[in-house]
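# Inside the fold
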Amino acid sequence: MEKIKLLPLDLKCIEEVWSFLKPQEAYCVQLCERLEEFVDKGKSNGNFICFVEKQLLGVIFVSKAGMVLHSLGEFSDDQRLVVKRLLGDYFANRKVYCISGKKTGTTLICEAIISSKNTRPVEIRDYNLMIFDSKFKNNIFFPVKKCNLEDLDKLFFIQSEYDKIEVLPATYSFDEKLCKKKLFFSLQKERVFAIDIGSENFVAKASINAKSSRYTQIGGVYTDNTYRGKGYAATLVNYIATNASNIGQRVVLFVRKDNIPAIRSYTKAGFKSQDSYGIVYF
């Protein structure tokens, strides 16, 4: 077997990289968005690395904060051992707080980090990848607001509840400043949508987490506990998905396998479950 190498991404081979990523783009919209920005601007807030044998075998992005995004191919048992060792060496002295991507790849990277750092993840989460059916037709029952920076204060309560309940592992502390900073940037990009019924705060929200040239990934969906069961979440995700689909985008989201009410809601909004996605926190 020709030796597998772990190398920095070479923009001279960008066409090969895109050819590799496109079949799996639904699982790595965030990775593709960051790569498109890197190609366009020539700089990034992290590092892109690739596995190469006779051809490209995988692409990984590691942010400066320690978030790992990936798209890995199918490996033979021999290849898997080599890849795991190379990953262990690469991450031995690097900070990692989160791995996100297709479950098989997330599991492999997680195993490499565990063996290399002699540590254990604080939380492992299993998700369903759901893809929007562009032929799905639905009437929007509630008015949806595309939010801007003026809505930050009115959004902050529901955003903070989402972070505390749906995002942060139990061992993590809530950081109010970081929450507001991330919300600020999302609002700057006009990626946050909400249901406003005239109360002090918005009662439901959803966001575009990532957007590549072909895909839109929805995330950050949350409804205030007092207002659940009314169809607000389904309205929001269908609204975002329909508008994105109308301009030729495919639309995906990820939902926890054990969150049956959310799966039902997204199914009613036109999404169908496809495969497994994994997120691991350290």
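Up top you'll find the structure we're talking about.
Quick caveat: nothing in here was measured; it's all calculated off a predicted structure.

## Observations regarding the pairing of strand β8 (residues 192-195)
Judged by which residues are buried, β8 turns out to be covered on both faces: Val192 and Ala194 on one side and Phe193 and Ile195 on the other are all buried. Of the strand pairs in this sheet, strand β7 (residues 144-146) and β8 are connected by three bridges, and their pairing is antiparallel. The residue bridging Val144 from the neighbouring strand is Ile195, located in β8. Inspection of the sheet shows β8 paired to strand β9 (residues 204-211) by four bridges, in the antiparallel sense. Within β9, the residue paired with Val192 across the bridge is Ser207.

## Side note on a nonpolar patch on the surface
Taken together, Leu149, Phe184 and Phe185 make up a surface patch of nonpolar side chains, about 250 Å² in accessible area. By the element assignment, Leu149 lies in the loop between β7 and α5 (152-167).

## Quick look at the packing of aromatic side chains
The description of an aromatic ring pair uses the distance of the two centres, along with the angle that the planes make with each other. Taken as a whole, this structure holds eleven aromatic pairs when the rule is applied. For the ring pair Phe51 and Phe75, a centre distance of 6.5 Å and an interplane angle of 75 degrees mean the geometry is edge-to-face. Here Phe75 lies in the loop between β4 (67-72) and α3 (77-91) and Phe51 lies in strand β2 (residues 46-52), a separation of 24 residues in the sequence. Relative accessible area serves as the criterion here: at 17%, Phe75 is assigned to the buried category. Plain terms: the ring middles of Phe132 and Phe271 are 5.2 Å apart, the flat faces sit at 50 degrees to each other, and that makes the pair tilted. In this pair, Phe132 is assigned in strand β6 (residues 123-132) and Phe271 in strand β12 (residues 271-281), connecting sequence segments 139 residues apart. Since its relative accessible area comes to 8%, Phe132 is described here as buried.

## Focus on the layout of surface pockets
Each pocket or cavity is described by its volume, and for the second largest pocket that value is around 200 Å³. In terms of lining residues, the second largest pocket is bounded by 13 residues, among which Lys146, Glu190, Phe193, Ile208 and Lys211 are the most central. The leading source of residues in the lining of the second largest pocket is helix α7 (residues 232-246), at four residues. Of the residues belonging to the lining of the second largest pocket, the class tally is six nonpolar, two polar and five charged.

## Points about the sheet that holds strand β1 (residues 5-8)
An order of β1-β2-β3-β4-β5-β12-β6-β11-β10-β9-β8-β7 is seen for the twelve strands of this open sheet, with the pairing classed as mixed. Both outer strands of the open sheet, β1 and β7, are each paired with one neighbouring strand and no more. Each strand of the sheet is rotated relative to its neighbour by a mean of 25 degrees, with strand direction disregarded. Strand direction decides the pairing type here: β9 and strand β10 (residues 215-223), joined by six bridges, are antiparallel. Paired with Lys205 across the two strands is Tyr222, which belongs to β10. Packed on one face of the sheet, α3 meets β1, β2, β3 (56-63) and β4 and runs near 155 degrees to β2.

## Comments concerning α3
The end-to-end C-alpha distance of α3, which contains 15 residues, comes to 21 Å, matching closely the 21 Å that a straight helix rising 1.5 Å per residue would cover. For α3, every residue scored as buried is listed here: Gln79, Val82, Val83, Leu86, Leu87, Gly88, Tyr90 and Phe91.

## Concerning the side chain of Thr106
Following the sequence through the fold, Thr106 ends up in helix α4 (residues 103-117). In this structure the side chain of Thr106 is engaged in a polar contact, spanning 3.2 Å, whose partner is the backbone oxygen of Gly101.

Cut-offs used in this document
- Residues numbered from 1 in each chain as written.
- Predicted model: local features only at pLDDT ≥ 70, side-chain atom pairs only at ≥ 80, totals over all residues.
- Heavy atoms only, no water.
- Buried < 20%, exposed > 50% of the residue type's maximum accessible area, 1.4 Å probe, protein only.
- Helix = DSSP H or I, 4+ residues; strand = E, 2+ residues; numbered from the N terminus.
- Pairing = 2+ DSSP bridges.
- Patch = residues over 30% accessible without salt bridge, like charges linked within 9 Å, V, L, I, M, F, W, Y side chains within 5 Å.
- Areas by Shrake-Rupley, 256 points an atom, 1.4 Å probe, with all protein chains shown as cover.
- Salt bridge = Lys/Arg side-chain N within 4 Å of Asp/Glu carboxyl O.
- Phe/Tyr/Trp six-rings, centres within 6.5 Å; stacked < 30°, edge-to-face > 60°.
- 1 Å grid on protein atoms, 1.4 Å probe; cavity = no way out; pocket = protein on both sides within 12 Å on 5 of 7 lines; lining within 4 Å.
- Points joined across faces, edges and corners; volume = space filled by probe spheres on them.
- Nonpolar A, V, L, I, M, F, W, Y, C, P; charged D, E, K, R; others polar.
- Axes fitted to C-alpha atoms, helices over the stretch in contact; angles between N-to-C directions.
- Contact = heavy atoms within 4.5 Å.
- Expected span 1.5 Å × (residues − 1).
- Polar contact = N/O pair within 3.5 Å; in protein donor to acceptor, adjacent residues only side chain to side chain.

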